[in-house]
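# Results of the structural survey
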Amino acid sequence: MKSFKKLDFIIIVLLFVLSFTPNIIFSKSRFNSNKLVYASIKVDGKLYDNIPLSTNNGEKKFNIKSSGGNNSILIKDNTIKVISADCKDDLCIKQGEISKVGENIICLPHKLIIEIKGDEKDSSSDMILSH
């Protein structure tokens, strides 16, 4: 069996680096192509509210009550996070704040999903992004 030579190693590293190039290009264009960023809040699979983040100034706190329990939400500086919950694991609190399109916070015991979405600037674009 032949051993790796220096050129083989360089080619493998180069191909590895090039494999991440499309992901970097498309993720930057996806995050920068939104003029209106908002948080979509769903409870038990039903839309609770859409809250704009890109036009939000100041701080806003509110509670979401569901059949599973209560969550306190904080919106501040174009970010959203869960600050308190009466579930046992508190994983929704540990997920921290989110602000970029595609990020989400999920509280399974309360069936709460907070997802960041955005409206595209140019709707005539033919680019298809998966996520």
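Read on for a plain summary of the structure. (Residues numbered from 1 in each chain as written. Predicted model: local features only at pLDDT ≥ 70, side-chain atom pairs only at ≥ 80, totals over all residues. Heavy atoms only, no water.)

## What to know about the overall build of the protein
Of regular secondary structure, the protein possesses three helices and seven strands. Secondary structure elements of the protein occur, N-terminal to C-terminal, as α-α-β-β-β-β-β-α-β-β. The 131 residues of the protein split such that 26% are buried. Summed over its atoms, the accessible surface of the protein is roughly 9500 Å², and 56% of this surface lies on carbon and sulfur atoms. (Helix = DSSP H or I, 4+ residues; strand = E, 2+ residues; numbered from the N terminus. Buried < 20%, exposed > 50% of the residue type's maximum accessible area, 1.4 Å probe, protein only. Areas by Shrake-Rupley, 256 points an atom, 1.4 Å probe, with all protein chains shown as cover.)

## Describing unusual backbone geometry
A positive phi is found at asparagine 78, a non-glycine position, where the angle reads about 65°. Turning to its location among the elements, asparagine 78 is positioned in the loop between β4 (70–76) and β5 (79–85). Positive phi values are uncommon outside glycine, yet lysine 111 reaches one of about 55°. With respect to the secondary-structure elements, lysine 111 resides in the loop between β6 (104–107) and β7 (112–120).

## What to know about the packing of aromatic side chains
Within the structure shown, the criterion is met by one aromatic pair. Taking the centre distance of 5.1 Å and the plane angle of 80° together, the rings of phenylalanine 16 and phenylalanine 20 count as edge-to-face. (Phe/Tyr/Trp six-rings, centres within 6.5 Å; stacked < 30°, edge-to-face > 60°.)

## Quick look at the pattern of salt bridges
It is possible for side chains bearing opposite charge to pair when their charged atoms get close. Applying the stated criterion across every chain yields a total of two salt bridges. Notably, a salt bridge pairs aspartate 44 with lysine 111, separated by 3.8 Å at the nearest N-O pair. Here lysine 111 lies in the loop between β6 and β7 and aspartate 44 lies in the loop between β1 (34–43) and β2 (46–52), a separation of 67 residues in the sequence. (Salt bridge = Lys/Arg side-chain N within 4 Å of Asp/Glu carboxyl O.)

Purely geometric stuff here, so don't read any function into it on its own.
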